[in-house]
Amino acid sequence: MIYFVGAGPGDPELITVKGARILSRVQVVVYAGSLVNKELLDMCAPGTVIYNSAGMTLEEITDTMTEAHRAGKEVVRLHTGDPSLYGAIQEQMDILDRLSVPYTVIPGVSSFLAAAAAIPHELTLPGITQTVILTRMEGRTPMPERESIASLASHRATMCIFLSVHMLDKLTGALTDGGYPAETPAAVVEKASWPDERVITGTLADIAGKVHEAGIRRAAMIIVGDALKAGYRPSCLYDPGFTHGFRGDAN
Ligand code: SAH
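Let me begin by describing the structure that accompanies this report. Here the structure is a predicted model, which is why all the values come from computation and not from measurement.

Brief notes about the overall build of the chain
- Regarding its fold elements, the chain presents seven helices and ten strands.
- Its C-alpha atoms give the chain principal-axis dimensions of roughly 60 × 45 × 35 Å.
- Taking all contacts inside the chain whose residues are at least 6 apart in sequence as the whole, residues at least 24 apart take part in 68%.
- For the chain, the exposed area adds up to about 12900 Å²; of that, 53% sits on carbon and sulfur atoms.

Okay, structure coming up:
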């Protein structure tokens, strides 16, 4: 069995209990490059064969996992945050499907959640927004035309933007072009949940300058939206007039 495991955002205690249990018993681990905290590998049993996929091609990765599986071994493919977001696991799962190699996915704590915790702030506030958009700027991976930053910005929801801090000037321009006022709150969280985590807060007008000054170039989450404003209407959840029947909504 191949286990695609979400390593979480950095803090080794933020892997799931299930992910940790499986990581500590398999014979082969292929972990994804620099964003996975290597301290997690201390959980591995003695003798576990460990590969860093940073220097491997897709074929090398799937060949390594397939060979291990055929030799009767269990494999963890360790991805940062949650594997379903910008993790390129689909292409690996498609190849394993073709080879009839069984796999399963263990979810993880995504970095956008660790970033919200670091600020700390709720991303969905009654009366402000009940929607979170997860997206990125175009890089080597092209963006579908109908998902331009400006069109997504027109909703004025909370946006969590991955893989884009090095293009923050361009990003804030597109967000304001799309409809967020320049005074909309924005936060950049570098290395959320790591010991050297940094949180920079500001507005769309000044966040790029602050982040540039701080020298943040990578491993950072950008969160934008009025939800980050201090004042908001309290959630009905704790309103005494709100019946218990509605509390299920909180899940
Ligand atoms: N699957 C991962 C995302 C991988 S893409 C997840 O669910 O989090 C890599 C991007 O994720 C980085 O460019 C950065 O935007 C973000 N990222 C990953 N780890 C982070 C962390 N600890 N703090 C802030 N952003 C992080």
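Structure's up, so let's keep going.
Topic: the site of the ligand
- Neighbouring the ligand are 18 residues; L85, S110, S111, A192 and A220 lie closest to it.
- In this structure, L85 approaches the ligand through a main-chain N or O atom, which is 2.7 Å from a nitrogen atom.
- Contacts to the ligand include A220, whose backbone N or O atom sits 2.7 Å from an oxygen atom.
- Residue classes in the shell around the ligand are distributed as twelve nonpolar, four polar and two charged.
- Looking at which domains feed residues into the shell around the ligand, each of domain 1 (2-106) and domain 2 (111-228) supplies at least three.

Here's the deal with unusual backbone geometry
- Cis peptide bonds are those with omega within 30 degrees of zero, and the linkage from I119 to P120 qualifies with -20°.
- Mapped onto the elements of the fold, P120 is located in the loop between helix 4 (111-118) and strand 6 (132-136).
- Unlike most non-glycine residues, R156 shows phi in positive territory, near 55°.
- Residue placement: R156 occurs in the loop between helix 5 (149-153) and strand 7 (158-162).
- With a relative accessible area of 36%, R156 lands in the partly exposed category.
- Positioned with a positive phi, L163 is a non-glycine residue whose angle comes to about 55°.

Here's the deal with the pairing of strand 7
- Most of strand 7 is tucked away, with five of its five residues classed as buried.
- With five bridges connecting them, strand 6 and strand 7 associate as parallel partners. Each residue of the ladder has a partner; that of R136, found in strand 7, is F162.
- Direction of pairing for strand 7 relative to strand 10 (residues 220-224): antiparallel, over a ladder of three bridges. Bridge pairing in strand 10 places C160 opposite I223.

Rules used throughout
- Each residue is numbered by its place in its chain's sequence as written, counting from 1.
- This being a predicted model, a pLDDT of at least 70 is required before a residue's local features are given, and a value of 80 or more before pairs of side-chain atoms are given or counted; all residues contribute to the totals for chains, interfaces and linings.
- Excluded from the side-chain calculations are hydrogens and water; all other atoms, namely the structure's heavy atoms, are used.
- Helix numbering and strand numbering both begin at the N terminus, where a helix is a DSSP run of H or I of at least 4 residues and a strand a DSSP run of E of at least 2.
- What makes two residues a contact is simply this: any of their non-hydrogen atoms within 4.5 Å.
- Computed with a 1.4 Å probe, the accessible areas rest on the Shrake-Rupley method; for each residue, only the protein chains presented here act as cover.
- We define proximity as follows: a residue is near a molecule or strand when any one of its heavy atoms falls within 4 Å of that partner.
- Pairs of N or O atoms within 3.5 Å make up the polar contacts considered here, provided that, within protein, one atom can donate a hydrogen while the other can accept it, and that residues adjacent in sequence are counted only when both atoms are side-chain atoms.
- Residues are sorted three ways: Asp, Glu, Lys and Arg are charged, Ala, Val, Leu, Ile, Met, Phe, Trp, Tyr, Cys and Pro are nonpolar, and all the rest, Gly among them, are polar.
- For every domain, the bounds stem from an assignment made automatically or drawn from a database.
- Exposure classes here rest on a 1.4 Å probe applied to the protein chains alone. A residue is buried below 20% of its type maximum, exposed above 50%, and partly exposed in between.
- In this analysis, strands are considered paired if DSSP registers two or more bridges between them.

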